[in-house]
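Chain by chain, the residues run as shown.
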There are 2 protein chains.
Amino acid sequence: MSYNLAPLQNLIEQFERMQGIGQKTAQRMAFYVLGLSDAEAKEFAKAITDAHTKIKQCKVCCDLADGDLCPICKADNRDRSVICVVEDPRDVAAIERTHEYKGLYHVLHGAISPMDNIGPDQIRVKELIARLGSGEVEEVIMATNPTVEGEATAMYISRLLKPMGITVSRLAYGVPVGADLEYADEVTLSRALDGRSII
Amino acid sequence: MSYNLAPLQNLIEQFERMQGIGQKTAQRMAFYVLGLSDAEAKEFAKAITDAHTKIKQCKVCCDLADGDLCPICKADNRDRSVICVVEDPRDVAAIERTHEYKGLYHVLHGAISPMDNIGPDQIRVKELIARLGSGEVEEVIMATNPTVEGEATAMYISRLLKPMGITVSRLAYGVPVGADLEYADEVTLSRALDGRSII
């Protein structure tokens, strides 16, 4: 299905590039845009460029931030003795939704995966080590995904940190094995936090 | 689920406003945008404003157009003696995909629906009548939706056009090709029986 109006076809193709968006949905989305008022369409386009230009990485935890620091690193009510290490910013959002965890985070932006040529240098491991120098941090909770890559990353990092005298723990297998942390429900996630074990 | 980064949350909300897009999909779409390169994000935003500003209505048939006339009204290989009347530009695209119809179109942008305060003046009926003055048009095919509103609109327009000596026809009702008879609803089946043809 294609339209011989270039601006419309182009917009449909832009939407189609998104993972999980099929032809019909992309078409419906493009017609939604055509149905907006001028102001709304401008606002929509601006939201895209705004999100893209204003959202950066926190200089401390590598989570998404709209300034030098993310809201969690900036907050003064967080427990600075615990760092929860996750693969993706979406995982931070998922854990925050439990309202149980009060420590800090560290976002690796990936997991070690030799198959995909992703080693420790391709993810934010160095940045994590740098945070531990001050001696303020007592425990690091590995909350990487319960997949082969996530496990390997947790093991690798725990071996690096143990000689530094830091307790390294791992989320309990309350999270379904093989699934994506992002889609875990709040109860499962908070159970997994409670049952974390020393590794 | 919400993010305390305004530009990200705003973008998610923009996507959520689209019909059929849920929270998770909107979130995934917003992260897709964050993952784009600067150039790609700009291009995406531009596709939205471009589609919105460049796509207008054809001055003749009211279909979508990127100039005064739509590609079909501009084409010199279409049969100008037949006009197919549809409710929506998407219906034009659907019929064009059959590669069978060679006539022109007229897009009403809606159907008569007293319940929603949509009368003949709220849809492009006047524009259709204006096209019939030249005497070039011999047949008008009513291809409004097979709903109460679409039927009412087809009936209303056919009553207007018949005194002008124009043949008015209606799309055939019947069972969809490839579908299972077992799942066809009663009304469709009885219409299919009524309209049976000798083989």
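In this text the structure is predicted, and so the values were computed from the model without any measurement.

Residues and elements named next belong to chain B. In terms of burial, strand S4 (residues 103–107) is largely enclosed, as 5 of its 5 residues are buried. Where strand S3 (residues 79–86) meets S4, 5 bridges bridge the pair, whose relative direction is parallel. Across the sheet, residue Cys84 finds its bridge partner in S4, namely Tyr105. Of the crossover connections in this fold, the one passing from S3 over helix H5 (residues 89–96) to the parallel S4 is right-handed.

This part is about the packing of aromatic side chains. Overall, the coordinates contain 4 aromatic pairs over all chains when judged by the stated rule. Centre to centre, the rings of A:Phe15 and B:Phe44 are 5.6 Å apart; their planes meet at 80°, and the pair counts as edge-to-face. Taken together, the positions of A:Phe15 in helix H1 (residues 6–16) and B:Phe44 in helix H3 (residues 38–54) put the pair across two chains. Given the relative accessible area of 0%, A:Phe15 is considered buried. Geometrically, the ring pair formed by B:Tyr101 and B:Tyr105 is edge-to-face, given 5.1 Å between the ring centres and 65° between the ring planes. Across this residue pair, the class does not change: B:Tyr101 and B:Tyr105 are buried.

Residue and element names in this part refer to chain A. Mapped onto the elements of the fold, Leu128 is located in helix H6 (residues 125–131). Placed 110 residues apart in sequence, Leu128 and Met18 show a C-alpha to C-alpha distance of 31 Å. With sequence-adjacent residues up to four places away left out, Leu128 is seen in contact with Ile83, Val85, His106 and Ile157.

A word on the interface of chain B and chain A. Opposite the 49 residues of chain B that make contact, chain A presents 50 residues. Approximately 4,600 Å² of surface area, both sides summed, lies buried where chain B meets chain A, with 71% of it carried by carbon and sulfur atoms. Where chain B touches chain A, the interface holds 0 salt bridges. Our enumeration of links across chain B and chain A arrives at 8 residue pairs in polar contact (both at pLDDT 80 or more). Breaking the side of chain B that touches chain A down by element, the ones donating at least two residues are helix H1 (6–16), helix H2 (23–34), H3, strand S2 (64–65) and H5 of chain B. When residues in the side of chain B that touches chain A are grouped by element, the largest group, 13 residues, is from H3(B). Here the residues of the side of chain B that touches chain A sort into 28 nonpolar, 10 polar and 11 charged.

Conventions we followed
Residues numbered from 1 in each chain as written. Chains lettered and ligands numbered in written order. Predicted model: local features only at pLDDT ≥ 70, side-chain atom pairs only at ≥ 80, totals over all residues. Heavy atoms only, no water. Buried < 20%, exposed > 50% of the residue type's maximum accessible area, 1.4 Å probe, protein only. Helix = DSSP H or I, 4+ residues; strand = E, 2+ residues; numbered from the N terminus. Pairing = 2+ DSSP bridges. Right-handed = clockwise from strand over helix to strand, strands pointing away. Phe/Tyr/Trp six-rings, centres within 6.5 Å; stacked < 30°, edge-to-face > 60°. Contact = heavy atoms within 4.5 Å. Buried area = accessible area lost by both parts, 1.4 Å probe. Salt bridge = Lys/Arg side-chain N within 4 Å of Asp/Glu carboxyl O. Polar contact = N/O pair within 3.5 Å; in protein donor to acceptor, adjacent residues only side chain to side chain. Nonpolar A, V, L, I, M, F, W, Y, C, P; charged D, E, K, R; others polar.

Take it as geometry only, folks, not as evidence of what the structure does.
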